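Structure at a glance
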Amino acid sequence: AIWTLGFSLAALPLLARAERSYGDLPHFTKQPCPPELPSLSVIVPARNEAHNLRRLLPSLESQNYPGDMEIIVVDDHSTDGTAGMVKCGLRDSGSAVKLVCAGELPAGWLGKPHASHIGAKEARGKWLLFSDADTEHEPFSAASAVAFAEKHGLDGLSVFPQQQTRGLLDGAALTVAFVALFAGLRRSTTMLNGQYVLVRRDAYEASGGFAAVRSEMMDDLAYGRLLADQGYQAPIMRGESLVSVHMYDNWHQMWHGLTRLGSGSLRNNGSMALIPAIFITAVLMPLWTLLFNRYQLREIPSLKFIWFMTIMGLVPWEKRFNKKDKSVSGFSNTLIGAMLAPAAAILIQGAALWGLLSRLVGRGVSWKNRRI
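Below is a summary of the structure that appears in this document. Computed from a prediction, not measured in an experiment: that's the story for all the values here. Once a new chain begins, its residue numbering starts again from 1 and follows that chain's sequence as written. Where local features are concerned, this predicted model is filtered to residues with pLDDT of at least 70; where side-chain atom pairs are given and counted, the filter is 80 or more; whole-chain, interface and lining totals use all residues. Hydrogens and water are ignored here; the side-chain numbers use all heavy atoms of the structure.

1. What to know about a nonpolar patch on the surface
A contiguous nonpolar surface patch, about 540 Å² in accessible area, is contributed by L9, L12, F305, F308, M309 and M312. Numbering goes from the N terminus for both helices and strands, where a helix is a DSSP run of H or I of at least four residues and a strand is a run of E of at least two. Elements represented by at least two residues in the nonpolar patch include exactly α1 (2-24) and α12 (303-320). Per element, the largest residue contribution to the nonpolar patch is four residues, and it comes from α12. For F308, the position within the fold is in helix α12. A relative accessible area of 46% places F308 in the partly exposed class. Residues qualify for a patch when their relative accessible area is over 30% and they have no salt bridge, like charges being joined within 9 Å and the nonpolar side chains of Val, Leu, Ile, Met, Phe, Trp and Tyr within 5 Å. The protein chains shown are the only cover counted for residues, whose accessible areas, like all others here, come from Shrake-Rupley with a 1.4 Å probe. Only one rule defines a salt bridge in this text: a Lys or Arg side-chain nitrogen within 4 Å of an Asp or Glu carboxyl oxygen. With a 1.4 Å probe rolled over the protein chains alone, any residue whose accessible area is under 20% of its type maximum counts as buried; one over 50% counts as exposed, and the rest are partly exposed.

2. Observations concerning the packing of helix α6 (residues 168-183) against α12
Axis definition: a line fitted to C-alpha atoms, over the contacting stretch in the case of helices. Angles run 0 to 180 degrees between N-to-C directions. One way to put it is that α6 packs onto α12 with a least axis distance of 10 Å and a crossing angle of 110°. With respect to their mutual orientation, α6 and α12 come out roughly perpendicular. Seen from α6, the contacting residues are G171, A172, T175, V179 and F182; seen from α12, they are L314, W317 and E318. Here the nonpolar group is Ala, Val, Leu, Ile, Met, Phe, Trp, Tyr, Cys and Pro; Asp, Glu, Lys and Arg are the charged ones; every other residue, Gly included, is treated as polar. Across the contact of α6 with α12, the residue classes break down as five nonpolar, two polar and one charged. Roughly parallel means an angle under 35 degrees; roughly antiparallel, over 145; roughly perpendicular, 65 to 115; everything else is oblique. Working rule for contacts: check all heavy atoms of both residues, and any pair within 4.5 Å makes them a contact.

3. Notes on the sheet that holds strand β10 (residues 243-245)
Reading across the sheet, the three strands line up as β5-β10-β7 and stay open at both edges, with mixed pairing between neighbours. Strand pairing shows two members of the sheet lacking a second neighbour, β5 (135-137) and β7 (162-163), which therefore form its edges. The sheet contact formed by β5 and β10 spans three bridges and is antiparallel. Looking at the pairing, H137 lines up with V243 of β10. A strand pair is defined by DSSP finding two or more bridges across the two strands.

4. So, helix α2 (residues 50-61)
What a helix should span is 1.5 Å times the count of its residues minus one. Taking 1.5 Å of rise per residue, the 12 residues of α2 would be expected to cover 16 Å, and the 16 Å separating its terminal C-alpha atoms lies within 8% of that figure. Of the positions making up α2, those classed as buried are A50, N52, L53, L56, L57, S59 and L60.

5. Remarks on the sheet that holds strand β8 (residues 196-200)
Overall, mixed pairing links the seven strands, which are arranged β3-β2-β1-β4-β8-β6-β9 in an open sheet. The open sheet has two edge strands with one neighbour each: β3 (97-101) and β9 (236-238). For this sheet the average axis-to-axis angle between neighbouring strands, irrespective of direction, equals 20°. Direction of pairing for strand β6 (residues 156-160) relative to β9: parallel, over a ladder of three bridges. From the neighbouring strand, F160 faces β9, where its bridge partner is R238. Packing against the sheet, helix α5 (residues 141-151) makes contact with β1 (40-46), β4 (127-131), β6, β8 and β9, and its axis sits at approximately 45° to β8.

6. Remarks on the nonpolar core
To define a nonpolar core, start from buried Ala, Val, Leu, Ile, Met, Phe, Trp, Tyr and Cys residues and group those joined through side-chain atoms within 4.5 Å. Core analysis: the largest hydrophobic core is formed by 42 residues, its most contacted members being V176, F182 and F279. Those elements that place two or more of their residues in this core are α1, α6, α9 (251-269), α10 (274-292), α12 and α14 (341-360). Counting residues per element, this core draws most heavily on α6, at nine residues. Judged by nonpolar contacts, the second largest core, of 35 residues, contains A46, L60, M85 and V159.

7. Here we look at the pairing of β6
Within β6, five of the five residues are buried, leaving the element largely enclosed by the surrounding structure. Of the two faces of β6, the one holding G156, S158 and F160 and the one holding L157 and V159 are both buried throughout. Note: β6 against β8, three bridges, orientation antiparallel. Within β8, the position partnered with S158 by the bridge is V197.

8. Observations concerning empty space enclosed by the protein
To find leftover empty space, one rolls a probe the size of a water molecule over the atoms. For each structure, a 1 Å grid was placed over the protein atoms alone; sets of points admitting a 1.4 Å probe that cannot get out are labelled cavities, open sets with protein on both sides within 12 Å along at least five of seven lines are labelled pockets, and lining residues have an atom within 4 Å of a point. Grid points are joined across faces, edges and corners, and a volume is the space filled by probe spheres set on the points. By the definition in use, this model includes three cavities of 30 Å³ or more. When its volume is computed, the largest cavity comes out at roughly 160 Å³. Residue lining of the largest cavity: Y22, F160, P161, Q162, Q163, F178, F182, R238, E240, W317, R320 and F321, and that is the complete set. When residues of the lining of the largest cavity are traced back to their parent elements, those giving at least two are β7, α6 and α12. Here the lining of the largest cavity is built from residues that sort into seven nonpolar, two polar and three charged. As a volume, the second largest cavity reaches approximately 50 Å³. What lines the second largest cavity is simply K112, S116, F130, G194, V197, F210, D219 and D220. Counting residues per element, the ones that place at least two in the lining of the second largest cavity are α4 (111-122) and α8 (219-229).

What follows is the structure in structure tokens.
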């Protein structure tokens, strides 16, 4: 009963900490654009991303960028027709997309940092924008990001995109995961979000680029820490108005994604990774107690009130995942999503524990049909 009460109470200050961390991040919006900007190379590492590229590439080709801009898709041994889809698009539209084959994966490298490295070697731009294939960009995204970095003398920047989800439970899972992330975020964070990383070419090359973090499962976090250690300025910001992301298309992808993220966070965040773990455990307490320790509801009458406050604290986060739906049904979905948080927390906790166990026994975790 003491553990149940302790974990349940922990959710409330951690919710407040997450809200403060989120609110403290600079909110990146559309920027005034000068008549000309330095050349830009957009690099898209792609492994089995044919379905996502159908959304991403048109959004990149429609960029209003006042300068030279190239788009490089690096095919990382895809088996779903990624390369064929890009080639077909090139024939049909005559676009400026360049398709590059990543080649064999060298010893000591993981797939995504290697594909990013290959794309950077092919790039000609003075700025490099690494974008995940599951993103979709507003027409002013690239110009605003480069203009902001140039104006403020930055070496780079990264953003958290607007999240797009399929349904209520996967939305609840991502909501709980992101609240946990922000609850454990340091005030002076050095992290980058690999979904959208802009870096000046000379800073990229001088820092060692993704070759310096070639074996890191969470290469974006490792590279952000590397840039900060070398004195480069590459802040992370809220960029919901610039770009959106649709991370998972099905439950299979979500399970493997959560397994990778959960097991990789401890290595990159150290003791701070305990804070997200405590928060997720706190959120799952209502369901766990109702299933296995229902007698504690009689011993601790205040539990119901604490859980109610926790669910209400998740409502603003759920609204951020349903920004475009202002209807009555949209509000109902927001509330239902918050109420599904305990079930989502069990899913997240299970995936993280499975990933840690798999790594401990030497199996690694599966991502994009590859063991890492």
